[in-house]
Amino acid sequence: MRYSKTLLILAIALVGTPRPAPAQSTGASPRDSIASRLADLRRIHTPEGIEVLEPVEVNGSTQWLSIRGLNRANPILLVLHGGPGSPVMGSSWAYQKPWEDFFTVVNWDRRGVGKSFSAADSARLGPTMTLQQLVDDAAVIVEHLLARLGQEKLVVLGYSYGTRIGPRLVERHPERFHAYVGLGQAGGPDAERQLYETLMARVREANDTTAIRELEALQPYPPSAGPGAVDKLLAARRWAREYDGGWYGKPTFDLYFALPEWGPEYTATEVANLQPAMAWAERHLIDRAPEPRPTRLVERFEVPVVILHGRFDLHTPYESARDYFDRIEAPHKRFVTFERGSHMIMFEEPGRLLLTLVEEVLPLAGGSASF
């Protein structure tokens, strides 16, 4: 009995005196309570730091920025999200905090999507949803950030569809950029064909008769731009995810789409609008008549280029990204392969991604600032 009592005293000394759990506020929903705690966990406390969530007027539309970092003198890293209507601001709580030690990280919800959807007049903005307009908007955001943070250049990181915007932005204003980084880099016109052929090879190897039948029904593939194109593109990618082509080791993006539910940047109403806004952007940017001039790839850069790509990626196929990289002319270029990554490297290999940003990208921007 004395021995048991001694152990209990020792246990209390090691872990502290047990205290009752704090009472839950009856006024907050479970979602708001979790988001509030995540916001507190991520709070920037350094006097040199910055933690801002702000609207900016951009070419006739209100668009939102999140600006975060431990030292506002650190290089700016502007993230161009994918989708085309799938912002990462609301899910950045799950991976971004370590980046903020080295960069001032900016997430931008583009016109009509994410946090920018609630302020948007969808009927009015619909006709403006072109790739060229998104590049024009990005140029305004860059000038705003450089003026706000008192810097002359920044690093732009395009993710997925954002890699279609980034190179055009850098081509137009090379003097404003330390480097271009492509994460899940979109390739050339053969990308969809490579997706389809690689996926068909994987499902046939698995003798997945259901997948074979449904994918064969999508032919001719790739689809031409116009009505119905989005449905075919999404159907192919749903099967790609089943075979590690989306999030390595996960057959769906369900978890990814659920992460913004806890995102401190969004209200519950904005979270509810994410999927409708995403569908709206896809229909206006993809399910429409092709633009008069065919989309071209930027192959000559006046700034360094770093491409980060998952070996298993089928959303933006690995081989297509590699082919594009081989054609790039730049003062410095680097292609980094994530061997157990697909299209979600920030979740699949987060430690290696951080290391790569610090070792490969940060020096191109002059390194991090001292406190």
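Our structure's up above, just so we're on the same page.
Calculation notes
- Residues numbered from 1 in each chain as written.
- Predicted model: local features only at pLDDT ≥ 70, side-chain atom pairs only at ≥ 80, totals over all residues.
- Heavy atoms only, no water.
- Buried < 20%, exposed > 50% of the residue type's maximum accessible area, 1.4 Å probe, protein only.
- Helix = DSSP H or I, 4+ residues; strand = E, 2+ residues; numbered from the N terminus.
- Pairing = 2+ DSSP bridges.
- Axes fitted to C-alpha atoms, helices over the stretch in contact; angles between N-to-C directions.
- Contact = heavy atoms within 4.5 Å.
- Salt bridge = Lys/Arg side-chain N within 4 Å of Asp/Glu carboxyl O.
- Polar contact = N/O pair within 3.5 Å; in protein donor to acceptor, adjacent residues only side chain to side chain.
- 1 Å grid on protein atoms, 1.4 Å probe; cavity = no way out; pocket = protein on both sides within 12 Å on 5 of 7 lines; lining within 4 Å.
- Points joined across faces, edges and corners; volume = space filled by probe spheres on them.
- Nonpolar A, V, L, I, M, F, W, Y, C, P; charged D, E, K, R; others polar.
- Core = buried A, V, L, I, M, F, W, Y, C linked by side-chain atoms within 4.5 Å.
- Right-handed = clockwise from strand over helix to strand, strands pointing away.

> How should I be thinking about the pairing of strand β2 (residues 61-69) in this particular structure?
Consecutive residues of a regular strand have side chains that alternate between opposite faces of the sheet. Buried residues dominate β2, accounting for eight of its nine residues. Sheet topology note: the strand β1 (residues 50-58)/β2 ladder contains nine bridges and is antiparallel. Residue Val58 lies in a different strand from β2, and its bridge partner there is Ser61. Between β1 and β2, which pair antiparallel one after the other, the connecting turn spans two residues, and Asn59 there sits at a positive phi close to 45°. Note that β2 and strand β4 (residues 104-109) share five bridges and pair antiparallel. Among the inter-strand pairings, Trp64 is bridged to a residue of β4, identified as Asp109.

> Teacher, can you tell me more about the sheet that holds β1 here?
Strands pair in a sheet through their backbones, by hydrogen bonds, and they do so in one of two ways: parallel or antiparallel. Taken in spatial order, the eight strands of this open sheet run β1-β2-β4-β3-β5-β6-β7-β8, and their pairing is mixed. The sheet terminates laterally at β1 and β8 (333-338), the two strands that pair on one side only. Here the average twist between neighbouring strands, direction ignored, is 20°. Summarising the sheet, strand β5 (residues 154-159) and strand β6 (residues 177-183) pair through six bridges and their orientation is parallel. Within β6, the position partnered with Leu157 by the bridge is Val181. In the packing of helix α11 (residues 318-327) onto the sheet, the strands contacted are β7 (305-310) and β8, and the crossing angle to β8 comes to about 165°. Across the sheet, helix α13 (residues 350-361) lies against β5, β6, β7 and β8, angled at about 170° from β8, the strand it touches most.

> Is there a simple way to explain the pattern of salt bridges in this structure?
Opposite charge on two side chains permits pairing when their charged atoms draw close. Taken as a whole, this structure holds 21 salt bridges when the rule is applied. The partner of Arg68 in a salt bridge is Glu51, with the nearest N and O atoms 3.0 Å apart. Of the two residues, Arg68 sits in strand β2 while Glu51 sits in strand β1, which places them 17 residues apart along the sequence. Here Arg148 ties to Glu54 by a salt bridge, and the two come within 3.1 Å at their closest N and O atoms. Linking Arg148 in helix α4 (residues 131-149) with Glu54 in strand β1, this pair joins segments that are 94 residues apart in sequence. On the accessibility criterion, Arg148 (31% relative accessible area) is partly exposed. For Glu54, a relative accessible area of 12% gives the class buried. The structure contains a network of salt bridges with shared partners spanning Arg43, Glu51, Arg68 and Glu100.

> Looking at this structure, I do not really get the side chain of Arg111. What am I missing?
You can see Arg111 is positioned in the loop between β4 and α3 (122-125). At 3.1 Å, the side chain of Arg111 forms a polar contact with the backbone oxygen of Asn59. Here Asp137 takes part through its side chain, which lies 2.6 Å from a polar atom of the side chain of Arg111.

> I would appreciate a short explanation of unusual backbone geometry in the present structure.
Trans peptide bonds make up the majority, and among non-glycine residues the majority have a negative phi. Between Gly83 and Pro84 the backbone carries a cis peptide bond, its omega angle lying at 25°. Mapped onto the fold, Pro84 is located in the loop between β3 (76-80) and β4. Look at the link from Gln219 to Pro220: it is a cis peptide, with omega at 0°. Its place among the elements puts Pro220 in the loop between α7 (209-216) and α8 (229-242).

> Honestly, the environment of Glu216 in this entry has me stumped. Any pointers?
Here Glu216 shows up in helix α7. As a C-alpha pair, Glu216 and Tyr196 span 20 residues in sequence and 9.7 Å in three-dimensional space. Aside from chain neighbours lying at most four places away, what touches Glu216 is Tyr196, Met200 and Arg204.

> Explanation requested: empty space enclosed by the protein in the structure shown.
Tallied over the entire structure, the rule returns two cavities of 30 Å³ or more. Taken as a whole, the largest cavity spans an internal volume of roughly 50 Å³. Around the largest cavity sit Val79, Val88, Tyr95, Trp99, Leu157, Tyr159, Leu183 and Met346, which together line it. For the lining of the largest cavity, a count of residues per class yields eight nonpolar, no polar and no charged. Considered as a void within the structure, the second largest cavity measures approximately 40 Å³ in volume. What lines the second largest cavity is simply Thr163, Arg164, Pro167, Arg168, Gln185, Ala186, Leu297, Val298 and Tyr324.

> Even after reading the chapter, I still don't get the nonpolar core, so can you show me in this structure?
The nonpolar side chains of a soluble globular protein tend to be buried, and buried together. Counting residues in hydrophobic clusters, the biggest one holds 46 residues, and the most contacted among them are Leu78, Leu154 and Val156. Per-element tally for this core: the top contributor is α4, with ten residues. Excluding residues that lie within four positions of it along the chain, Leu78 makes contacts with Val106, Trp108, Ile141, Val142, Leu145, Leu154, Val155, Val156 and Leu157. Of all hydrophobic cores here, the second largest spans 31 residues; its members include Leu38, Tyr159, Val181 and Leu259.

> Any chance you could explain the layout of surface pockets here in plain terms?
Where empty space is left can be seen by rolling a probe of water-molecule size over the atoms. Taken as a whole, the second largest pocket holds about 160 Å³ of empty space. As for the second largest pocket, its lining consists of Gly85, Ser86, Pro87, Ser91, Tyr256, Phe257, Pro260, Glu261, Val271, Leu274, Gln275 and Met278. Sorting the residues of the lining of the second largest pocket by element identifies α9 (254-258) and α10 (268-285) as the ones contributing at least two each. Among the elements that make up the lining of the second largest pocket, the one with the highest residue count is α10 (four residues).

> Is there a simple way to explain the pairing of β8 in this structure?
In this sheet, β8 lies alongside β7 in parallel orientation, the contact comprising six bridges. Counterpart to Leu308 in the pairing with β8 is Val336. One crossover worth recording links β7 to the parallel β8 by way of α11, and it is right-handed.

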